[in-house]
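Per-entry structural report
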Amino acid sequence: MSAAIEIPYNSVERPDTGLYNAKLGIWLFLASEVMLFGALFSSYVLLRTGAETWEHGAEILSVPLGTINTLVLIASSVTMVFSYASLQAGNFARFRMFLGMTLVCAVIFMVIKGFEYKAKFEHGFLPSTSTYMALYFTMTALHALHVIGGVIVNGYLWGPGSKMWLTDPQRFTNRVEVAGLYWHFVDLVWIFLFPTLYLLPGK
Amino acid sequence: MSAHTPEAVQKQVRIYRTVGAVLIVGTVITVLAANVHLGIIVGIIVALIIATVKGSLVAGYFMHLFSEKKLIYMVLALTAAVVVVLAGLLVFSYGDQQGHRHGIFQMPERHVQPHHETAAPAPAPEKGSHVP
Amino acid sequence: MAVEPTTTQSHGGAASHGEAHHDELSFWRKYIFSTDHKVIGIQYGVTALTFLFFGFCLVMTMRWQLAYPARPLPWNWLVKLLGDSRMPGGVMAPEFYNQLGAMHGTIMIFLGVVPLAVGAFGNYLVPLQIGAQDMAFPKLNMSSYWVYFIGGIVMLGSFFMPGGSAQSGWTSYTPLADIATPASMTLGAALVHYFTNLGSLGGIGGKFAAFFTTGLAPLWTGQTMWLIGMVFLITSSLLGSVNTITTIIQLRTKGLTFMRLPFFVWSQLVTGFLLLLAFPPLEAAGVMQLMDRLGGSSFFLPTGLVVGGKALEVSGGGSSLLWQHLFWFLAHPEVYVLILPAMGIVAEIIANNTRKPLWGYKSMVYSALFLGFMSFVVWAHHMFLTGMGTAINAFFQTTTMIISIPSIIILTALILSLWGGSIRFNVPMCFALAFLPMFAIGGLTGLPLGLASADIHLHDTMYVIGHFHYVVAPGTLFALFAGIYFWFPKVTGRKMNETLGRIHFWGSLVFMNGIFMPMFIQGLAGVSRRLYDGGASYLHAQHVLGLNKVMSHSAWALGVVQFVFIINFFWSLFAGRKANDNPWESTTLEWATPTPPPHGNFPAGPPQVYRGPYEYSVPGKKQDFSPQNHPEADGKNGEANHVSSH
């Protein structure tokens with residue numbers, strides 16, 4: 001059996017939908033991610049409204065570190081979209097530079113997160129401490145897993161996957177756009193997670 | 001995306017830079033706002049509004065949603081409706097409860113007590129001991 | 001990952017076997033790790049059928065206990081196999097009964113029916129019916145299958161965990177599921193324990209092994225394995241649904257507008273959206289339950305919970321009902337995932353074997369879309385007895401009544417499609433016809449359950465079990481059997497044996513009714529579900545206890561009849577009557593391919609579609625069917641002559 005049947009609309013858009021396949025695919029996937037984090041946020045709302053008391057996040061978590069992480073992720077989103085724009089302009093070297101910066105930002109985020117977790121454990125704040133802490137660990141850990149996923153995908157596109165630029169540049173640009181969409185979504189989730197967990201007043 | 005002219009790409013890049021700056025400013029504002037004692041409800045609303053604005057910018061410009069195709073809008077509209085259903089009906093179910101347990105639509109009596117982890121054993125197993 | 005060369009599409013025979021090609025795939029890439037949707041579809045099918053059979057064996061074992069409570073199992077080899085802890089003295093232990101019950105449900109739904117209906121039939125047929133070469137994301141398709149496979153292994157492995165498999169129902173209600181088959185410490189504590197004692201362990205090999213036995217010890221419990229297995233299965237479904245939806249929207253061939261799609265494809269499209277949007281909240285809930293079990297959190301553990309006379313040492317503040325909401329948010333759309341592909345299969349077979357178009361195709365399509373959306377707003381009808389208020393109960397009751405309407409429209413359209421038809425009673429058609437009244441019984445018996453006041457008496461009784469089994473067993477499973485008999489000739493080039501097929505059909509029909517009809521009687525009498533003794537210790541159940549024997553003997557007879565199917569299946573693979581490319585004289589595109597379809601599906605290039613999917617018995621035409629891809633010999637488009645019915 002031949003390995004090379006060509007699936008249409010991987011590089012060019014299908015005329016009536018105006019989309020290439022991966023664009024539709026990634027938005028469908030992001031829709032499911034909206035449901036995933038939406039369920040967690042809904043659970044937060046529920047558990048908090050049903051609780052007698054609720055912690056003031058800023059007293060337990062480090063707002064400075066959380067703020068830095070937020071800025072790091074925003075920066076990584078900017079560099080990600082710059083890397084895509086570079087490909088659109090045909091500049092492979094700049095694409096690689098900006099994607100590399102995105103990866104560095106992601107690693108910084110994870111390092112800070114690890115530092116935060118370690119500090120929590122050392123002070124005896126565990127998922128078993130309270131529902132709030134359980135939500136903090138669960139939501140940020142799930143988010144962190146998504147960051148790791150993004151690092152793997154972006155790392156592949158920066159490394160071995162970038163060979164496709166030579167054989168099918170349009171399709172490769174599409175792949176970077178799609179990876180970018182995923183990465184921006186990861187940033188988007190954090191934009192909501194940060195105030196919810198770190199900044200909201202307690203009760 | 002189909003081939004873009006260099007000018008179009010440059011224009012996009014300027015937009016990205018602006019949006020990035022706005023996001024940074026928004027982050028600073030939301031942290032500062034949290035330090036002002038606005039009360040629980042106002043505090044939550046302010047934080048949510050700022051987050052929604054920031055999120056919309058990321059979605060609209062970085063994710064190109066403001067210039068996306070109709071099919072994507074339809075998928076996202078459906079998703080938004082389903083999330084609203086989940087969150088809304090969930091809260092509604094909890095709010096509207098029978099019997100002695102108060103729902104969240106009725107204000108519980110507020111006991112000011114420190115948050116203990118180990119609750120005292122319940123006095124005489126009540127209905128709580130039925131087999132699920 | 002290998003860089004894919006951008007070869008232009010090779011026309012003609014390049015895709016067929018034996019053609020000289022630069023890189024002929026190895027056995028592993030061709031049959032095991034294939035990206036071809038047909039191979040993947042067959043993999044899903046074989047795996048799913050195996051799980052279905054295994055899941056059925058579980059319930060056949062349970063039914064011994066129900067028919068003959070506390071009597072030792074007469075088959076010594078089975079008692080020996082299961083061991084003393086599960087069958088002490090040959091009598092089923094109550095904990096084992098619970099395990100069988102929970103795993104039967106889980107396996108049948110998540111490892112059996114859905115992978116068969118969506119993974120097998122969907123994967124194999126959708127690209128063919130839309131005239132595409134493959135799914136939109138072939139490698140993702142392959143990954144989806146293997147993730148499902150791993151999930152299945154994890155689920156089966158749970159039987160061997162200390163304490164046994166999951167045993168809190170397929171619904172895993174908290175707080176029971178949180179505390180069932182408990183670990184001795186949190187995962188964090190176990191890992192800390194492992195790392196602090198690392199020095200005292202043996203060599204590298206010892207340290208490595210101890211990581212799994214000591215460090216990860218809290219993972220090895222039945223319920224935790226169930227949750228981990230579910231994470232794999234949900235991931236597989238999500239990736240599959242992204243693939244299905246993208247394929248149907250993006251890869252339809254020229255001329256194939258949405259309203260010319262076979263109803264089967266519509267059913268797969270709606271099913272894809274249900275899986276995509278409904279599964280993630282269960283994944284979130286599963287993660288939270290894993291945190292409760294492994295991390296000591298209290299997402300689902302309320303304050304002041306007392307277990308075995310002792311207060312549970314947790315932070316409390318959680319909500320057990322939260323699990324139920326998130327679980328049923330998926331599990332209700334899940335039942336439409338179970339039925340929609342079945343309706344799709346039945347629609348194809350009825351149109352083909354009545355030699356006329358489906359009655360009300362447009363109504364069926366809009367009903368399926370409406371059904372899909374409504375399925376998201378009815379879930380708490382499973383929770384009428386949890387203490388929700390009257391307003392919310394009334395809301396869910398209303399939406400539940402409304403959702404019966406599209407189901408009835410689809411069923412009615414299928415029934416009306418028979419009117420005036422020239423009916424061919426082959427084996428697929430027998431199963432498809434039987435689906436109609438059986439699904440009707442299942443659906444109608446659901447109505448009292450959807451009404452909150454009636455549900456007070458019927459909730460958690462055998463009536464519920466009868467209701468949903470009617471929909472899934474003589475409903476969906478019959479449709480799936482119909483599909484296997486129907487499409488077998490396209491996949492293998494041979495027809496299954498008709499006589500054996502009719503024996504399989506009549507035996508299954510009779511015995512399925514023998515199992516599930518008495519459940520309504522028992523339920524109305526007040527017999528609860530999931531009872532280890534089948535109601536024997538309850539006064540109100542005494543007069544219906546005899547039905548337990550009827551049901552059990554019917555179940556075992558049903559099992560025997562399935563061997564007729566299994567024998568027929570394997571025998572026909574090698575010695576069945578050879579069939580041509582379109583033995584049923586069908587109009588849809590999957591029959592316009594060689595048999596079996598080669599890699600790339602359409603050797604002559606993408607087909608052009610000229611008409612709708614059910615142009616049978618068009619007045620003025622010589623043949624009684626006009627395939628979708630045949631241009632008219634007289635140059636006129638098929639639709640111009642045909643007064644389309646609505």
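Throughout this description, residue numbers start from 1 for each chain and increase along the sequence as written. Chains carry letters and ligands carry numbers; both start at the beginning, A for chains and 1 for ligands, and go up in the order they are written. With the structure being a predicted model, the display of local features is reserved for residues of pLDDT at least 70 and the display and counting of side-chain atom pairs for 80 or more, all residues being used for whole-chain, interface and lining totals.

Describing the overall build of chain C
This is how it is decided: Only runs of H or I of at least four residues qualify as helices and only runs of E of at least two qualify as strands under DSSP, and these elements are numbered from the N terminus. Both definitions apply: the radius of gyration is a C-alpha atom measure, and the globule rule equals 2.2 Å times residues to the power 0.38. Comment: burial labels come from other C-beta atoms within 10 Å of the residue's own C-beta, placed from the backbone, where a count of 20 or more is buried, 12 or fewer is exposed, and between is partly exposed. Think of it this way: build a C-beta for each residue from its backbone, and any pair within 7 Å is a contact.
Counting secondary structure elements, chain C contains 19 helices and two strands. The globule rule puts the C-alpha radius of gyration for 646 residues at 26 Å, and the 26 Å found for chain C is close to it. Its C-alpha atoms give chain C principal-axis dimensions of roughly 85 × 65 × 55 Å. A buried classification covers 55% of the 646 residues belonging to chain C. Partitioning the contacts of chain C with sequence separation of at least 6, the portion at a separation of at least 24 is 80%.

Some words on the overall build of chain A
Looking only at helices and strands, chain A features seven helices and zero strands. Taken from the N to the C terminus, the helices and strands of chain A come in the order α-α-α-α-α-α-α. In terms of principal-axis extent, the alpha carbons of chain A reach across some 60 × 35 × 30 Å. In chain A, once contacts between residues fewer than 6 apart in sequence are set aside, the share between residues at least 24 apart is 77%.

Some details on the confidence of the model for chain A
Selection rule: The score called pLDDT rates the predictor's confidence residue by residue, from a low of 0 to a high of 100.
Predicted confidence across chain A gives a mean pLDDT of 95, with 98% of residues reaching 70 or more. Mean pLDDT across the elements of chain A bottoms out in helix α2 (residues 57–60) of chain A (94) and peaks in helix α5 (residues 131–158) of chain A (98).

Examining the nonpolar core
Stated precisely, the cut-off is as follows: Think of a nonpolar core as buried Ala, Val, Leu, Ile, Met, Phe, Trp, Tyr and Cys residues, each tied to the set through C-beta atoms within 7 Å. The source of the domain bounds is an automatic or database domain assignment.
By size, the foremost hydrophobic cluster in this structure holds 283 residues, and its most contacted members are V346(C), F431(C), A432(C), F435(C), A479(C) and A482(C). Formed jointly, this core draws a minimum of three residues from each of two domains, domain 1 (1–67) and domain 2 (68–98) of chain B. For A482(C), the contacting residues outside a window of four places in its chain are I345(C), V346(C), I349(C), P428(C), F431(C) and A432(C).

Observations concerning the interface of chain A and chain B
Spelled out, the test is: As a working rule, the residues Ala, Val, Leu, Ile, Met, Phe, Trp, Tyr, Cys and Pro are called nonpolar, Asp, Glu, Lys and Arg charged, and the rest polar, with Gly in that last group.
Opposite the 45 residues of chain A that make contact, chain B presents 42 residues. Of all the secondary structure elements, the ones that give two or more residues to the side of chain A that touches chain B are α1 (21–49), α3 (63–88) and α7 (169–199) of chain A. It is α1(A) that provides the largest number of residues to the side of chain A that touches chain B, a total of twelve residues. Of the residues belonging to the side of chain A that touches chain B, the class tally is 27 nonpolar, 13 polar and five charged.

Description of the interface of chain A and chain C
Contact with chain A, which involves 41 residues of that partner, is made by 51 residues of chain C. Breaking the side of chain A that touches chain C down by element, the ones donating at least two residues are α1, α5 and α6 (164–167) of chain A. With 14 residues, α1(A) is the largest single contributor of residues to the side of chain A that touches chain C.

Quick notes on the packing of α5(A) against helix α10 (residues 263–295) of chain C
We apply this condition: Only the stretch in contact is used when fitting a helix axis, every axis being a line fitted to C-alpha atoms; angles between N-to-C directions are given from 0 to 180 degrees. Between 65 and 115 degrees an angle is taken as roughly perpendicular, under 35 as roughly parallel, over 145 as roughly antiparallel, and anywhere else as oblique. In this scheme the handedness of a crossing depends on how the near helix is turned from the far one: anticlockwise by less than a right angle means left-handed, clockwise means right-handed.
Contact geometry for α5(A) and α10(C): axes closest at 11 Å, N-to-C directions at 125 degrees. Relative to α10(C), the element α5(A) is oriented oblique. Both α5(A) and α10(C) take part in a crossing whose hand is right-handed. On the side of α5(A), the interface is formed by A134(A), T138(A) and L142(A), while α10(C) contributes V287(C), M288(C) and M291(C). Here the contact of α5(A) with α10(C) is built from residues that sort into five nonpolar, one polar and no charged.

Some words on unusual backbone geometry
Residues and elements named next belong to chain C. The omega torsion of the bond from T174 to P175 falls at 0 degrees, within 30 degrees of zero and hence cis. One can find P175 in the loop between α5 (138–157) and α6 (176–179). Looking along the chain, the bond that leaves T595 and enters P596 is cis, with omega of -10 degrees. Positionally, P596 belongs in the loop between α18 (546–575) and α19 (638–641).

Thoughts on the packing of helix α14 (residues 427–450) of chain C against helix α17 (residues 498–524) of chain C
When two helices pack together, you describe them by how their axes are tilted relative to each other and by the distance separating the axes. Residues and elements named next belong to chain C. With their axes 10 Å apart at the nearest point, α14 and α17 run at an angle of 10 degrees to one another. With respect to α17, the axis of α14 lies roughly parallel. Contacts between α14 and α17 pair V427, C430, F431, A434 and T445 from the former with E498, G501, R502, F505, L509 and F520 from the latter. Here the contact of α14 with α17 is built from residues that sort into seven nonpolar, two polar and two charged.

Considerations on the environment of L187(C)
Residues and elements named next belong to chain C. Structurally, the position occupied by L187 is in helix α7 (residues 187–196). Its 20 C-beta neighbours within 10 Å are what place L187 among the buried residues. Placed 108 residues apart in sequence, L187 and G295 show a C-alpha to C-alpha distance of 6.2 Å. In contact with L187, not counting residues within four places along its chain, are P218, L219, L294 and G295.

Things to note about the environment of L274(C)
All names here are of chain C. The residue L274 is located in helix α10 in this model. Overall, L274 belongs to the buried group, with 26 C-beta atoms counted inside 10 Å. Here the alpha-carbon distance between L274 and L290, two residues 16 residues apart in the chain, equals 24 Å. Excluding anything up to four places from it in sequence, L274 contacts P333, Y336, V337, G372 and S375.

Some thoughts on the environment of V192(C)
All names here are of chain C. Checked against the element boundaries, V192 lands in helix α7. Accessibility expressed as a C-beta count within 10 Å gives 14 for V192, which makes it partly exposed. A sequence separation of 189 residues divides V192 from H381, and the C-alpha atoms of the two residues are 44 Å apart.

Digging into the confidence of the model for chain C
Residue and element names in this part refer to chain C. Here chain C shows a mean pLDDT of 93. Residues at 70 or above account for 94%. Here residues 1–22 is modelled with pLDDT under 50, and outside its nearest four sequence neighbours on either side it reaches 32 contacts, counting other chains as well. Confidence drops under a pLDDT of 50 for residues 634–646, and excluding neighbours within four residues, the segment shows 21 contacts in the predicted structure. Note on the complex model: pTM 0.92, ipTM 0.96.

Let's talk about helix α9 (residues 222–250) of chain C
Owing to its 3.6 residues per turn, the α-helix brings residues three or four apart onto one side. Put simply, the rule reads: Take the number of residues in a helix, subtract one, and multiply by 1.5 Å to get its expected span.
The terminal C-alpha atoms of α9(C) lie 42 Å apart, and with 29 residues this matches the ideal 42 Å at 1.5 Å per residue to within 8%. Where burial is concerned, most of α9(C) is hidden: 25 out of the 29 residues are buried.

Describing α5(C)
Residue and element names in this part refer to chain C. Given a rise of 1.5 Å per residue, 20 residues ought to cover 28 Å, and the 29 Å separating the end C-alpha atoms of α5 matches this to within 8%. Among all positions in α5, only P138, N141, M142, S144, Y145, V147, Y148, G151, G152 and M155 are buried. The inward-facing, buried residues of α5 abut α2 (37–67), α4 (94–129) and α9.

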